[in-house]
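# Descriptive structure summary
The lines below spell out each chain.
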There are 2 protein chains.
Amino acid sequence: MTVIFSKKCEYGLQAVLYLAANERGIESADDIAKNLNIPKEFVSKILQSLTVSGIVISKKGKAGGFALAQDPKKIKLIDIVAAIDGLTMFNNCVLGFPNCNPTKPCPLHDKWGVLRTQTYNMLNEDTIDTFKEKTLRKVAAI
Amino acid sequence: MTVIFSKKCEYGLQAVLYLAANERGIESADDIAKNLNIPKEFVSKILQSLTVSGIVISKKGKAGGFALAQDPKKIKLIDIVAAIDGLTMFNNCVLGFPNCNPTKPCPLHDKWGVLRTQTYNMLNEDTIDTFKEKTLRKVAAI
DNA sequence: CTTTAATCAGACAAATAAATCTGATTATAG
DNA sequence: CTATAATCAGATTTATTTGTCTGATTAAAG
Ligand code: SF4
Ligand code: SF4
C-alpha cells in the first residue's frame, strides 16, 4: 500500500525535487536513481514521460540526462501529480463510495472533504524552489 | 488509484457501515454486495477475514450471513482499517521517502504530518453507530 | 572516426491486488 | 429427511502496477 500516490508518482516527485535541489542542471538517470535509491530504469521511464508534460527536458548522448524544463520557481508538486497520477483522487472518497457529492454526503464527507482540500493545497501552494534545503538533507539521509 | 486505502479495505469499511446502519442483524453477503454494488465473492472473503479480527460474526447455512460482533457503539472505522490494511500508512510519507522521522524531515513533513494525524483522528474519534443515517442515505443513492 | 555513455521506445517479466470459481460444510424450512 | 441457501477454505484467474531488458539512437570526447 502506498499513501495516496502510486510509486510512479512518488518517484517522479522525488526525482524532480532532486533535480531542483542539487542545481547541477543535467543529471543522469543513473545518478538520480543511485542518490534516491530507486530503480534506474523505472525513474528513467518516468522522467521520459515528464518530458512530454513539459516538466523536465532530456539530453541524449554522453553527458546526457535530465534537467528541469522550467524555472523551479514555476513548478509546483501538484503539476507533477497531475502529470502522472492525475487529479481524480481529489474528487474521490476515503471510503470508496461512488458519486462523491456534497448533496449526497457519505459519513465522512465533512471531515474528509476538508482534509482532501488541505492536501491539495499543500501540493499547490509552494513552488519547488522553496524545498531545496530540506530535499538535500533528506536525500543525504537516505 | 485508490485514495489511501486498498479496495479490500474500502469494501470492508462500506460493508461494516452497512451492517451497522440497517440494523437487521444477520445479512447475507449477497444482499450486502447488491446494496453496495460491489462483488459478492470479494466482500464475502473480506467479511470472513473480519470474523477472525472479531469485528463481525458469521452464521452458516440457510438464512445465514454476517452481522456485527460488537455493539456499534464500540466499533471505530480505524479498527477495520487496522484489521485489513494495517496502520503503516500513518507512518509513511506522501512523497514516498524512506525513514519518516521528525529529525530528518522531508520537504512536506510539517504539513503532511498534521494531515496524516487528522486523518487518523477522523477514523478514530467516532464510533460507527453515529454514521447510521448518512450511511443509509448514501447507500440509497448508489 | 571510433569509443563510450547516455536517452529513448517498446517489449517483456515479476509482483501484487482484485476478482472469480469450485467443492465442502452447515443450518433452516418444508 | 431432503432441498435449499448460505458461509467457508483455498485454488485459480485476471488486471494492474512495478520493474527489467534489449536494441536503436544520439552526442561528447579522445
Ligand atoms: S460525500 Fe464525502 S465521504 Fe462521501 S464520497 Fe464524497 S467526499 Fe467521500
Ligand atoms: S519527514 Fe514528513 S514528509 Fe518526510 S517522510 Fe516523514 S512524514 Fe513524510
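Before reading further, recall that the structure is shown in the block above.
Residues numbered from 1 in each chain as written. Chains lettered and ligands numbered in written order. Predicted model: local features only at pLDDT ≥ 70, side-chain atom pairs only at ≥ 80, totals over all residues. Heavy atoms only, no water.

### A look at the site of ligand 1
The condition is simple: Near, as used in this document, describes a residue that has one of its heavy atoms within 4 Å of the molecule or strand being considered. Residues were grouped as follows: Ala, Val, Leu, Ile, Met, Phe, Trp, Tyr, Cys and Pro as nonpolar; Asp, Glu, Lys and Arg as charged; and all remaining residues, including Gly, as polar.
Around ligand 1, the structure places Cys-93, Cys-100, Asn-101, Pro-105, Cys-106, Leu-108, His-109, Trp-112 and Arg-116 of chain A. Classifying every residue of the shell around ligand 1 by side-chain character gives six nonpolar, two polar and one charged.

### What about the pattern of salt bridges?
Where we set the bar: By definition, a salt bridge exists where a carboxyl oxygen of Asp or Glu is found within 4 Å of a side-chain nitrogen of Lys or Arg. A helix here means a DSSP run of H or I that spans at least four residues, while a strand means a run of E at least two residues long, and both kinds are numbered starting from the N terminus. Relative accessibility under 20% of the residue-type maximum defines a buried residue, over 50% an exposed one, and the middle range a partly exposed one, all with a 1.4 Å probe and only protein chains included.
As enumerated under the stated definition, the model contains 18 salt bridges over all chains in all. Here Lys-134 of chain A makes a salt bridge to Asp-110 of chain B, at a shortest N to O gap of 3.6 Å. Within this pair, whereas Lys-134 of chain A is found in helix α6 (residues 132-140), its partner Asp-110 of chain B is found in helix α5 (residues 109-124), the two belonging to separate chains. Here Arg-24 of chain B makes a salt bridge to Glu-27 of chain B, at a shortest N to O gap of 3.0 Å. Classification of Arg-24 of chain B as exposed rests on a relative accessible area of 55%. A residue is classified by how much of its surface remains accessible, and Glu-27 of chain B, at 4% relative accessible area, is buried. Within this structure, Arg-24, Glu-27 and Asp-31 of chain A form a network of salt bridges that share partners.

### Brief notes about the site of ligand 2
Taken together, Lys-138 of chain A together with Cys-93, Cys-100, Asn-101, Pro-105, Cys-106, Leu-108, His-109, Trp-112 and Arg-116 of chain B make up the full set of residues near ligand 2. Neighbouring residues of ligand 2 are not confined to one chain but are distributed across chains A and B. For the shell around ligand 2, the element with the most residues is α5 of chain B, which contributes three residues. Residue classes in the shell around ligand 2 are distributed as six nonpolar, two polar and two charged.

### Let's talk about the interface of chain A and chain B
Put simply, the rule is: Two residues form a contact once any of their heavy atoms are found within 4.5 Å. The term buried area means the drop in 1.4 Å probe accessible area that two parts suffer when joined, counted for both and summed. Polar contacts here mean pairs of N or O atoms no more than 3.5 Å apart (in protein, one a potential hydrogen donor and the other a potential acceptor; neighbouring residues in sequence count only if both atoms are side-chain atoms).
Taken together, the contact between chain A and chain B spans 46 residues of the former and 46 residues of the latter. Between chain A and chain B the total buried area reaches about 4,200 Å² when both faces are included, carbon and sulfur atoms providing 70% of it. Two residues, Glu-125 of chain A and Lys-111 of chain B, come together in a salt bridge whose shortest N-O distance is 2.8 Å. Where chain A meets chain B, there are 12 residue pairs in polar contact (both at pLDDT 80 or more). Elements represented by at least two residues in the side of chain A that touches chain B include exactly α1 (7-22), α5 (109-124) and α6 of chain A. At eight residues, the largest contribution of residues to the side of chain A that touches chain B is made by α5 of chain A. Residue composition of the side of chain A that touches chain B, grouped by class: 26 nonpolar, 10 polar and 10 charged.

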